[in-house]
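So you can see what is in the structure, the chains are spelled out below.
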Protein chains: 2
Amino acid sequence: MGKKLTSRAEDYSKWYNELVVKADLAENSGVRGCMVIKPYGFAIWEKMQAELDRMFKETGHQNAYFPLFIPKSYLSKEASHVEGFAKECAVVTHYRLKNAEDGSGIVVDEDAKLEEELIVRPTSETIIWDTYRKWIQSYRDLPLLINQWANVVRWEMRTRLFLRTAEFLWQEGHTAHATEKEAMEEAKMIMHLYADFVENHMAVPVIKGTKTESERFAGADETYCIEALMQDGKALQAGTSHFLGQNFAKAFDVKYASKEGKQEYVWATSWGVSTRLMGALIMTHSDDNGLVIPPKLAPIQVVIVPIYKGEDQLSAISDRVGPLVKELRAKGVSVKYDNRDTHKPGFKFNEYELKGVPIRLAIGQRDMENGTFEVARRDTLEKMVVAADEVVDRVVGLLDEIQNAMYQRAKNHQQQHITKVDSYGDFKKVIAEKGGFVAAHWDGTPETENRIKEETKATIRCIPIDVEEELGSCMVTGKPSKYRVLFAKAY
Amino acid sequence: MGKKLTSRAEDYSKWYNELVVKADLAENSGVRGCMVIKPYGFAIWEKMQAELDRMFKETGHQNAYFPLFIPKSYLSKEASHVEGFAKECAVVTHYRLKNAEDGSGIVVDEDAKLEEELIVRPTSETIIWDTYRKWIQSYRDLPLLINQWANVVRWEMRTRLFLRTAEFLWQEGHTAHATEKEAMEEAKMIMHLYADFVENHMAVPVIKGTKTESERFAGADETYCIEALMQDGKALQAGTSHFLGQNFAKAFDVKYASKEGKQEYVWATSWGVSTRLMGALIMTHSDDNGLVIPPKLAPIQVVIVPIYKGEDQLSAISDRVGPLVKELRAKGVSVKYDNRDTHKPGFKFNEYELKGVPIRLAIGQRDMENGTFEVARRDTLEKMVVAADEVVDRVVGLLDEIQNAMYQRAKNHQQQHITKVDSYGDFKKVIAEKGGFVAAHWDGTPETENRIKEETKATIRCIPIDVEEELGSCMVTGKPSKYRVLFAKAY
């Protein structure tokens, strides 16, 4: 376990890095920018995957799998797409190694050079749209609703576990539709689906909106997004859903015969969330003692720790705990009874606190005599004594309570950190001192957006979908503006 | 749908290739040797994954995720391992593209050359053992039982959908143990687990055994395998489980402090099955009409096709089918009611036959009057008329029956294709004419094994684990032999 975590107040960034490693979520590997997701971290990701996968299937999507490699020429077919990804991609140039002739070890075999270089997919629009050309002939083939769970690589220079890694895991949806309207509805539906998942499973409140042109996905006509707010007042883009118009259909010549027999280009969307969500989860809820995981995503929801001296006491406690474990499991609760004799209760308490297990039950001699358990909540660190025959109901109820309370706390934090400002001076002050989202008027030009970014590091996170019309003037240029947009510094 | 499949008798290999594409399982992509797994094929793979994942977890394994890339120097650390994989690997040498100065398009940016080349993982022993060095200090950290679901790349020159592709999907288990015995037991346990899965879920009988030295995994001290037999008499290696001894522990310096406080190298296993299993599934059961999928892996177990003229008839049929669908689903059966009015019943019958749906129900006017359904089995193509109130029980029972019958048919085929021979002349004749496994005496030397391979294309598939001692003499050299080994031509 080692020494205590750095506190958030002391150094938020250091706190995060330490926590990810100490709580056994992930660590850096020997490969620059690539992480190892450790079993405990991966178990949380698997729970996210399972729920998202269920939601995608429920809305009519099917999974498929497309190649890891993208021929260089494919990437080039959509102009703004290649612009966005060429600068940071892993390039495969050879297909063989050999022993060096001078005996110095193993080297690339220059005789095994690929005719065309392959890019390790940074995202799969191009390879998928090359395939869709073969799959789509008629309106009967539409809509085509496909999702892929995959690894992707973007050669980031400055990486951080989960938040920004060269390789990451994600899902990418790629859909094709007969009409613009249908594609636009799909893109919006997915934004709402993502928000539903992130709010109701991760207990992370988000703001839904659209991106400005300069923040859009490379190749999209519109990008819908959900934006979360971390405890340090920085925003984190938690998921994006893109309306791609006919850009990829035109680049890859994907047409369908309409009911009327006309050849038309199809309309497209793509959308994704990634292991970055793990970063959002950690930074929204956790505290100076360690992780706090919402019950719906906790690999272990309840841990039971016996407090005893000698084998007789342990055996009596185990007799009482056994049926409780069974009953909780029958109710769908994942329980761990930690009866290891190699570690003291205090050590175990710290470990499960660090790992964010939502509820800890402890039972010692006094509890044995009184027929009680000590029940501790991870989120509030509250402790209570509960009668043994009430403990199952109490635990089941508490799991819901904790899930809701975590969301509510994060929601309160978010609400307290949305500040309206009307002058650029106030804007700079809020961004520098308080952080959070700042709602301000902007003249709608990339130039102003860029100037604000350069001067304050704040970017436009989104134009909220429920934005209210409000005539005003741009805080920087004074030009007219019809609504406020949300700025923040972001991960 | 297009024209009929090539028959197996006509051209088995062509039949397979056509079937994989026509049944919507997979297709070649624009990237040499890489396939696209289509939604229907991927749905079968997902069912395999789900069951295997459950079995791994039940036996104490946890999932994790390790980097896609392996530094060249890691691969070189285990001598026979690099020997095995260097000849066919994808090498990443650069991390950026740029616009060519002469305007000819996008090219590799030579200023973005990696200091050390990265290999796209062909298997993950090296990157994982580099990580295990940090995870393992004491006997308390053992056993370490990890599995990873991942994509891997081996630059095969001659590829075939599912059977041999440059990129494929698999799971790879990597375990570390305190003792040789424990590691050996793990490797064997996994062989039995694989056999259990392949026989009881895929309905594919296998022979369990060990590989000869020359057929072993690069870096293993012993390779356990399960070998299946396809309808054309060729064997297919369906899964392998390797006892790695201390080879990787020594190459990556992974030691633990024993209870007695001594520093010891750990013992290792690794094991995997891949999308190749899809090939085994297809080639074991399918026929000239298309796929035959065992009920336990069928994405759609039962399809219901209405036979009607006009909307009134369809609506009356739908009223009768509705409750049936509900009842079947309540019993855990996956049902599709295909009421598309764009296709005729005959077309639908062909489509579901091609796609291997285990049971087809049809209901037309006579059935409406008689209160019956027509029930058709995909495996035997038998049809029967079943009273409506018996159809749920009959279907549920039939799914079991079909699963068992498919296994039994494949088992009979396997048994009929294990031939004992005592002379090299007979051996050549059986291998060339009848195919299947040939049980013969061999002198135990790689030289003889190699000569047989060169002269007949047959290899030693395994030394069965339940092999009986039988003194004999090698069919080629006449040297003494203690038991028969199994030869076959293989995929």
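These figures come from a predicted structure and were not determined experimentally.

Asker: Looking at this structure, I do not really get the overall build of chain A. What am I missing?
Answerer: Secondary structure summary: chain A contains 14 helices and 27 strands in total. Projected onto the principal axes, the alpha-carbon positions of chain A cover approximately 80 × 70 × 55 Å. When burial is assessed residue by residue, chain A has 59% of its 491 residues classed as buried. Carbon and sulfur atoms make up 47% of the accessible area of chain A, which amounts to about 20100 Å² in all. Across chain A, the centroid of the 66 positively charged side chains sits 2 Å from that of the 73 negatively charged ones.

Asker: Would you explain the relation of the copies chain B and chain A in this entry?
Answerer: Two chain copies, one operation linking them: a rotation about an axis together with a shift along it. With an RMSD of 0.0 Å, the fit of chain B onto chain A corresponds to turning through 180 degrees and sliding 0.0 Å along the axis. Overall, the copies show the geometry of a two-fold rotation axis. When C-alpha positions in chain B are compared against the rotation axis, the closest is assigned to B:Val92, at 2.1 Å.

Asker: It is not clear to me how the sheet that holds strand 22 (residues 418–420) of chain B should be interpreted in this structure. Could you clarify?
Answerer: Across a sheet, strands are paired by hydrogen bonds formed along the backbone, either parallel or antiparallel in direction. All names here are of chain B. Spatially, the eleven strands line up as an open sheet ordered 3-9-10-16-13-12-11-24-27-23-22, and their pairing is mixed. Edge positions in the open sheet fall to strand 3 (62–63) and strand 22, since each of these has one partner strand only. Taken together, the two bridges between strand 11 (residues 206–210) and strand 24 (residues 459–464) define a ladder with antiparallel strand orientation. What sits directly across from Gly 209, in strand 24, is Pro 464. Strands in contact with helix 2 (residues 39–58) are strand 3, strand 9 (144–153), strand 10 (167–177) and strand 16 (267–274); relative to strand 9, the strand with the most contacts, it is inclined by about 160 degrees. Sheet strands touched by helix 5 (residues 125–135): strand 9, strand 10, strand 13 (235–245) and strand 16. Its angle to strand 10, the strand with the most contacts, is close to 30 degrees.

Asker: Teacher, can you tell me more about the interface of chain B and chain A here?
Answerer: Interface extent is often summarised as the accessible area lost during association of the parts. Chain B puts 64 residues into the contact, and the matching count from chain A is 64 residues. Both sides of the chain B and chain A interface together cover about 5000 Å² of buried area, and 67% of this is carbon and sulfur. Broken down residue by residue, the surface that chain B buries against chain A is led by B:Tyr65, B:Tyr95 and B:Leu97, which jointly contribute 13%. Here chain B and chain A share two salt bridges between them. In this structure, A:Glu46 engages B:Lys57 in a salt bridge whose closest nitrogen and oxygen atoms are separated by 3.2 Å. Across the contact surface, chain B and chain A share 28 residue pairs in polar contact (both at pLDDT 80 or more). A class-by-class count of the residues in the side of chain B that touches chain A yields 38 nonpolar, eleven polar and 15 charged. Relative to strand 5 (residues 91–94) of chain B, strand 5 (residues 91–94) of chain A runs antiparallel, the two sharing three bridges. Paired with A:Val91 across the two strands is B:His94, which belongs to strand 5 of chain B.

Asker: Got a minute to help me understand the domain arrangement of chain A in this structure?
Answerer: One can read the domain layout of chain A as domain 1 (12–75 + 123–285), domain 2 (295–413) and domain 3 (418–488). Taking the mean C-alpha position of each, domain 2 of chain A and domain 3 of chain A sit 46 Å from one another.

Asker: Sorry if this is basic, but what is going on with the confidence of the model for chain A here?
Answerer: Low-confidence regions, as indicated by low pLDDT, have predicted coordinates that should not be scrutinised in detail. When pLDDT is averaged along chain A, the result is 96, and 99% of the positions lie at 70 or above. Across the interfaces of the predicted complex, the ipTM metric reaches 0.97, alongside a pTM of 0.97.

Asker: Would you take a moment to explain the state of the cysteines for this structure?
Answerer: Put plainly, a disulfide is one covalent bond tying together the sulfur atoms of two cysteines. Inspection of the entire model under this criterion finds zero disulfides over all chains. In this structure A:Cys89 is a free cysteine whose sulfur lies 14 Å from that of A:Cys34, the closest cysteine sulfur available. Residue A:Cys89 is classed as buried on the basis of its relative accessible area of 0%. A disulfide-free cysteine, B:Cys462 has its sulfur positioned 4.7 Å from the sulfur of B:Cys225, the nearest such atom.

Asker: Would you explain the pairing of strand 21 (residues 383–387) of chain B in this entry?
Answerer: The two faces of the sheet receive side chains in turn, since in a regular strand these alternate between them. All names here are of chain B. Residue alternation in strand 21 divides its side chains into a buried set, Met 384 and Val 386, and an unburied set, Lys 383, Val 385 and Ala 387. Pairing geometry for strand 20 (residues 372–377) and strand 21, over five bridges, is antiparallel. Considered in strand 21, the bridge of Thr 372 is made with Ala 387. A loop of five residues connects strand 20 with strand 21, the two strands running antiparallel in sequence, and Leu 381 in this loop sits at a positive phi of about 65 degrees.

Asker: What exactly am I supposed to notice about unusual backbone geometry here?
Answerer: Outside of glycine, negative phi angles account for most residues, and trans bonds account for most peptide bonds. All names here are of chain A. Backbone torsion omega between Leu 142 and Pro 143 reads -10 degrees, so that peptide bond is classified as cis. In this structure, Pro 143 sits in the loop between helix 5 (125–135) and strand 9 (144–153). For Ala 203, which is not glycine, the phi torsion reads 60 degrees and is therefore positive. Assignment of secondary structure puts Ala 203 in the loop between helix 6 (180–200) and strand 11 (206–210). With phi around 55 degrees, Asp 253 is a residue other than glycine that occupies positive phi space. By the secondary structure assignment, Asp 253 is in the loop between helix 7 (247–251) and strand 14 (255–257).

Asker: What exactly am I supposed to notice about a negative patch on the surface here?
Answerer: Residue and element names in this part refer to chain A. Negative charge collects at one region of the surface, where Glu 327, Asp 389, Glu 390 and Asp 393 lie side by side. Looking at where Glu 327 falls in the secondary structure, it is placed in helix 9 (residues 310–330). On the accessibility criterion, Glu 327 (44% relative accessible area) is partly exposed.

Asker: Explain the packing of aromatic side chains here, please?
Answerer: The geometry of two aromatic rings is summed up by the distance between their centres and the angle between their planes. Applying the stated criterion across every chain yields a total of 34 aromatic pairs over all chains. Considering the side-chain rings of A:Phe66 and A:Trp135, the 5.9 Å spacing of their centres and the 45 degrees angle between planes classify their relative orientation as tilted. One end of the pair, A:Phe66, is in the loop between strand 3 (62–63) and strand 4 (69–71); the other, A:Trp135, is in helix 5, and 69 residues separate them in sequence. On the basis of relative accessibility, which here comes to 13%, the residue A:Trp135 falls in the buried class. Consider the rings of A:Tyr95 and B:Trp155, whose centres lie 5.9 Å apart with planes at 15 degrees: the pair is stacked. Here A:Tyr95, found in the loop between strand 5 and strand 6 (97–99), pairs with B:Trp155, found in the loop between strand 9 and strand 10, and the two come from separate chains. A network of ring pairs unites the aromatic residues A:Trp45, A:Phe56, A:Trp149, A:Tyr194 and A:Trp271 as a single cluster. We note A:Lys234 situated over the ring of A:Tyr491; from NZ or CZ to the ring centre the distance is 4.3 Å.

Asker: Can you walk me through the nonpolar core in this structure?
Answerer: Here is a general trend for soluble globular proteins: nonpolar side chains tend to be buried in one another's company. Counting residues in hydrophobic clusters, the biggest one holds 92 residues, and the most contacted among them are A:Phe69, A:Trp129, A:Tyr132, B:Phe69, B:Trp129 and B:Tyr132. If we skip the residues at most four places from it in the chain, B:Tyr132 touches B:Phe66, B:Leu144, B:Ile146, B:His174, B:Ala176 and B:Val254.

Asker: Even after reading the chapter, I still don't get the sheet that holds strand 20 (residues 372–377) of chain A, so can you show me in this structure?
Answerer: Residues and elements named next belong to chain A. Strand order in the open sheet formed by five strands is 18-17-19-20-21, with mixed pairing between adjacent strands. Two strands lie at the open edges of the sheet, namely strand 18 (335–337) and strand 21 (383–387), each paired on one side alone. The average angle at which neighbouring strand axes cross in this sheet is 25 degrees, direction not considered. Alignment of strand 17 (residues 302–306) against strand 19 (residues 359–363), held across five bridges, turns out to be parallel. Paired with Val 303 across the strands is Arg 360, a residue of strand 19. Across the sheet, helix 10 (residues 345–354) lies against strand 17, strand 18 and strand 19, angled at about 170 degrees from strand 17, the strand it touches most.

Asker: Help me out: how do you make sense of the side chain of A:Gln403 in this one?
Answerer: All names here are of chain A. Here Gln 403 lies in helix 12 (residues 391–416). Assessed through its relative accessible area of 6%, Gln 403 is described here as buried. What Gln 403 contacts, discounting residues up to four positions off in sequence, is Asn 200, His 201, Ala 203, Pro 294, Pro 295 and Lys 296.

Asker: Help me understand helix 10 (residues 345–354) of chain B in this model?
Answerer: Spacing of three or four residues puts side chains on the same side of an α-helix, whose turn is 3.6 residues. All names here are of chain B. Every buried residue of helix 10 is accounted for by Lys 348, Phe 349, Glu 351, Tyr 352, Glu 353 and Leu 354. Of the surrounding secondary structure, the elements contacted by the buried residues of helix 10 are helix 1 (12–22), strand 17 (302–306), strand 18 (335–337) and strand 19 (359–363). Where helix 10 terminates, the next one or two residues include Gly 356, which has phi positive at roughly 75 degrees.

Asker: What is the right way to read the pattern of salt bridges from this model?
Answerer: Any two side chains of opposite charge can pair, on the condition that their charged atoms come close. All names here are of chain A. Counted under the stated rule, the structure contains 62 salt bridges over all chains. Two residues, Arg 377 and Glu 382, come together in a salt bridge whose shortest N-O distance is 3.9 Å. Taking relative accessible area as the criterion, Glu 382 reaches 42% and is therefore assigned partly exposed. Residues joined in a network through salt bridges with shared partners are Arg 377, Asp 379, Glu 382, Arg 394, Glu 401 and Arg 409.

Calculation notes
- Residues numbered from 1 in each chain as written.
- Chains lettered and ligands numbered in written order.
- Predicted model: local features only at pLDDT ≥ 70, side-chain atom pairs only at ≥ 80, totals over all residues.
- Heavy atoms only, no water.
- Helix = DSSP H or I, 4+ residues; strand = E, 2+ residues; numbered from the N terminus.
- Buried < 20%, exposed > 50% of the residue type's maximum accessible area, 1.4 Å probe, protein only.
- Areas by Shrake-Rupley, 256 points an atom, 1.4 Å probe, with all protein chains shown as cover.
- Lys, Arg positive; Asp, Glu negative; His and termini not counted.
- Charge placed at Lys NZ, Arg CZ, Asp CG, Glu CD.
- Least-squares fit on C-alpha atoms with pLDDT ≥ 70 in both.
- Pairing = 2+ DSSP bridges.
- Contact = heavy atoms within 4.5 Å.
- Axes fitted to C-alpha atoms, helices over the stretch in contact; angles between N-to-C directions.
- Buried area = accessible area lost by both parts, 1.4 Å probe.
- Salt bridge = Lys/Arg side-chain N within 4 Å of Asp/Glu carboxyl O.
- Polar contact = N/O pair within 3.5 Å; in protein donor to acceptor, adjacent residues only side chain to side chain.
- Nonpolar A, V, L, I, M, F, W, Y, C, P; charged D, E, K, R; others polar.
- Domains from an automatic or database assignment.
- pLDDT = per-residue confidence, 0-100.
- Disulfide = S-S within 2.5 Å.
- Patch = residues over 30% accessible without salt bridge, like charges linked within 9 Å, V, L, I, M, F, W, Y side chains within 5 Å.
- Phe/Tyr/Trp six-rings, centres within 6.5 Å; stacked < 30°, edge-to-face > 60°.
- Lys NZ or Arg CZ within 6 Å of the ring centre and 35° of its normal.
- Core = buried A, V, L, I, M, F, W, Y, C linked by side-chain atoms within 4.5 Å.

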